[in-house]
Amino acid sequence: MTEAILLVGGKGTRLRPLTVHTPKPMVPAAGVPFLTHQLARARAAGVEHIVLATSYLAEVFEPYFGDGSALGLHLEYVTEEEPLGTGGAIRNVASRLHSGPDDPVLIFNGDILTGLDIRALVDTHETTGADVSLHLTKVTDPRAYGLVPTDDTGRVLAFLEKPQAPEEIVTDQINAGAYVFRRSVIDTIPLGRPVSVERETFPDLLSAGAHLQGMVDSTYWLDLGTPAAFVRGSADLVLGRAPSPAVPGRCGDRLVLPTATVAADAKLSGGTVVGEGAFVAEGARVFGSTILPGAVIEPGAVITDSLIGTRARVGERSVLTGTVIGDGAIIGPDNELRDGARIWCDARIPAGAVRFSSDQ
């Protein structure tokens, strides 16, 4: 069976304050740590052995997942002392792999929510005899991504940096963050120093005449690197738009974890999640949002496309749109917080202190 390396060492700086106390892959999405969805999908595709390349808050992973047996997996953990980049992290864990030199090894990033057909990527790798195969996806606006043009057979021609001018956009195909490596290729990555697969490993392989194969899979794909994207991804999992066998309940408009309490006249919709021990009071309206464990939403609050951290509290009649509230923060009554606002962990905002409308 295919082995896999899962890269979960990033600091998640774009997601702060969600990642102050929690590594990005462990932030709950649709009621469970996001990493759970990735592990479950890998297992469903036939993967049995996964090595997690950890770094930031590395001590959090193993106490939660253990040896992986609860998911039908064998998990191992390797911690980087210093950040090594994608390529360096892959090379750093190679000694834990059991595969032979020509066997395929699946590699994926810990912050991508995707409906990728993993088996199809492995099959493409094996039938084409590639050294490395890449999941590519098509995006409407590729300016924020590195471009990966291919020929008519799917063979990769180049790796282009983010285009700066319209004439530099030669394809709408981008690197989607999942790869299959021939095991022996991993051993060619330099050991013990930072290496980027995008900027060093892949271009060097191309220059050396290696066969890099692209497989375009345009099913669901979302980079969860920003708070807005993370909230959307969680909602899409609940709504069934993004596939995962790990959603703890039936897909639908809302997901309320067993120990949560929601008032009878509170309205939850749009893929909202209410975590364990959380409380949503009477008259509150929550759309497309994630309420993490132990958080409290007071009467009449209106929350849209937002994430409320663990043990945080949102006061009566406060209106939050596109907002992230850090763990333990308290938003007093009658506040208005709009798109992009990030309230840090344990912060206190007094009643009516932040307004975009009058106090009437």
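Analysis parameters
- Residues numbered from 1 in each chain as written.
- Predicted model: local features only at pLDDT ≥ 70, side-chain atom pairs only at ≥ 80, totals over all residues.
- Heavy atoms only, no water.
- UniProt positions renumbered as here; feature names shortened; annotations may be inferred.
- Phe/Tyr/Trp six-rings, centres within 6.5 Å; stacked < 30°, edge-to-face > 60°.
- Helix = DSSP H or I, 4+ residues; strand = E, 2+ residues; numbered from the N terminus.
- Buried < 20%, exposed > 50% of the residue type's maximum accessible area, 1.4 Å probe, protein only.
- Pairing = 2+ DSSP bridges.
- Contact = heavy atoms within 4.5 Å.
- Axes fitted to C-alpha atoms, helices over the stretch in contact; angles between N-to-C directions.

An unreviewed UniProt entry lists the chain under the name GDP-mannose pyrophosphorylase, with Streptomyces lomondensis as the source organism. UniProt's Sequence similarities (unreviewed entry) comment on the chain is quoted here verbatim: "Belongs to the transferase hexapeptide repeat family."

Student: Sorry if this is basic, but what is going on with the packing of aromatic side chains here?
Tutor: Aromatic rings considered in pairs are described by the distance between their centres and by the relative angle of their planes. Summed over all chains, the structure comprises seven aromatic pairs. Where Tyr145 meets Trp221, the ring centres are 5.9 Å apart and the plane angle is 70°; that geometry is what we call edge-to-face. With Tyr145 in the loop between strand 8 (132-138) and strand 9 (173-182) and Trp221 in strand 11 (residues 221-223), this pair connects stretches of sequence that are 76 residues apart. Both rings, one in Phe159 and one in Phe202, keep their centres 5.2 Å apart while their planes meet at 25°; by these two values the pair is stacked. With Phe159 in the loop between strand 8 and strand 9 and Phe202 in helix 6 (residues 197-207), this pair connects stretches of sequence that are 43 residues apart. Phe159 gets classed as buried once you look at its relative accessible area, which sits at 18%. Classification of Phe202 by relative accessible area gives buried; the value is 0%. Chaining the aromatic ring pairs together yields one cluster made of Phe159, Tyr179, Phe181 and Phe202.

Student: Just to check I follow, could you spell out the sheet that holds strand 27 (residues 342-343) for this structure?
Tutor: Two orientations exist for strands paired in a sheet by backbone hydrogen bonds: parallel and antiparallel. Taken in spatial order, the six strands make up an open sheet running 12-15-18-21-24-27, and their pairing is parallel. At either end of the open sheet lies a strand with only one pairing partner, and these are strand 12 (254-256) and strand 27. Bridge count between strand 15 (residues 272-274) and strand 18 (residues 290-291): two bridges; the pairing is parallel. The residue bridging Val273 from the neighbouring strand is Thr290, located in strand 18. Against the sheet, helix 7 (residues 227-239) touches strand 12, strand 15, strand 18, strand 21 (307-308), strand 24 (324-325) and strand 27, its axis set at about 90° to strand 15.

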